[in-house]
Amino acid sequence: KIGLPSFDNGAGAIEPHEYVVIGARTSIGKSSFMSQVASHNLQRGLRVAYFTLETSGNAVIKQIASQRAKVNLRMFATEFNEKQEQFHKELEKLRHQHLRVFDKDMSLSQIESRCRIMAASWKPQLVIIDYLGLIRGTEGSAYERMGQLSKAMIPLKKSVGCALMVAAQLNRNNEREDRAPTRTDFRDAGSIEEDAHRIIAIHRPSTSLGGNVQELGLTTYDYELLQLKLRDGPLWHSRIKYYAPHTTFVDAPTT
């Protein structure tokens, strides 16, 4: 599950056989979203493996703890003592949950090798890769590379025997045209649209529901979460909010 009821209830639960692509533009919050999904499934008792190709494993763990404790990591020294204590409690909880974070496996062959080892012993129930475009080990144009990487995710998913969730970059066409993204908006998409079992896009409209421009520096943003493809299920659309200080996504209040 994603962990946002308005989406999960309509879009359907993610099944163990799925290759799921999460798309977003640069600086929209796909890494925050992926860490929140990991956190939600850890709290459900699942075993989660997280490959971070953009930051350190320690940073991922701290982000999950800060999301749970609702603290601003950038302003941690100014948080109330009880908030700081809650953050450290969440870090301790994570040590006892079934999370493995990998930040050294940067190539496709390294990720495949790591997944085979985990499948034979630890048996993860969700594998997250953040993100597809940073995986090394393929050649050709950007379009060809993404096609090769996307094709490689299918046997990778089968080898670990669980759901595989991969972040991918959207191009800026929808931003320039001021519209919600579609399946064709994945940057150098290769065969992602064809290969993925499920495609979900994270979208921040240029204006809020109240009609205000969503410029940089705001605390809260209106977002949309769109299920653009599900082979054996419905398309779906949910309105959500992003709270920037805590890097968390929540369901938008219903009116």
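Our subject is the structure that appears above.
Residues numbered from 1 in each chain as written. Predicted model: local features only at pLDDT ≥ 70, side-chain atom pairs only at ≥ 80, totals over all residues. Heavy atoms only, no water.

Trainee: How do you make sense of the sheet that holds strand β8 (residues 236-243) when you look at a structure like this?
Mentor: Strand pairing in a sheet relies on backbone hydrogen bonds, with the paired strands running either antiparallel or parallel. The strand order across the open sheet built from nine strands is β3-β2-β4-β5-β1-β6-β7-β8-β9, with neighbouring strands paired in mixed fashion. At either margin of the open sheet sits one strand with a lone partner, and together these are β3 (99-102) and β9 (248-251). The average undirected angle you get between the axes of adjacent strands in this sheet is 25°. Alignment of strand β7 (residues 220-230) against β8, held across eight bridges, turns out to be antiparallel. Residue Gln227 lies in a different strand from β8, and its bridge partner there is Trp236. (Pairing = 2+ DSSP bridges. Helix = DSSP H or I, 4+ residues; strand = E, 2+ residues; numbered from the N terminus. Axes fitted to C-alpha atoms, helices over the stretch in contact; angles between N-to-C directions.)

Trainee: Sorry, what's going on with the state of the cysteines here?
Mentor: Each disulfide consists of one covalent bond between the sulfur atoms belonging to two cysteines. In the structure shown here, the tally under the stated rule is zero disulfides. For Cys115, which is in no disulfide, the shortest distance to another cysteine sulfur is to Cys162 and amounts to 7.7 Å. Cys162 sits in the buried class, given a relative accessible area of 3%. (Disulfide = S-S within 2.5 Å. Buried < 20%, exposed > 50% of the residue type's maximum accessible area, 1.4 Å probe, protein only.)

Trainee: Quick question: what am I supposed to make of the nonpolar core here?
Mentor: Grouped burial of nonpolar side chains is what soluble globular proteins tend to show. In this structure, Ile2, Phe33, Met165, Ile202 and Leu225 are the most contacted members of the largest nonpolar core, which totals 41 residues. The biggest single contributor to this core is helix α2 (residues 30-43), with five residues. Ignoring sequence-local partners within four residues, the contact set of Met165 consists of Ile2, Ile14, Val20, Ile22, Met34, Val37, Leu126, Val127, Ile128 and Ile129. (Core = buried A, V, L, I, M, F, W, Y, C linked by side-chain atoms within 4.5 Å. Contact = heavy atoms within 4.5 Å.)

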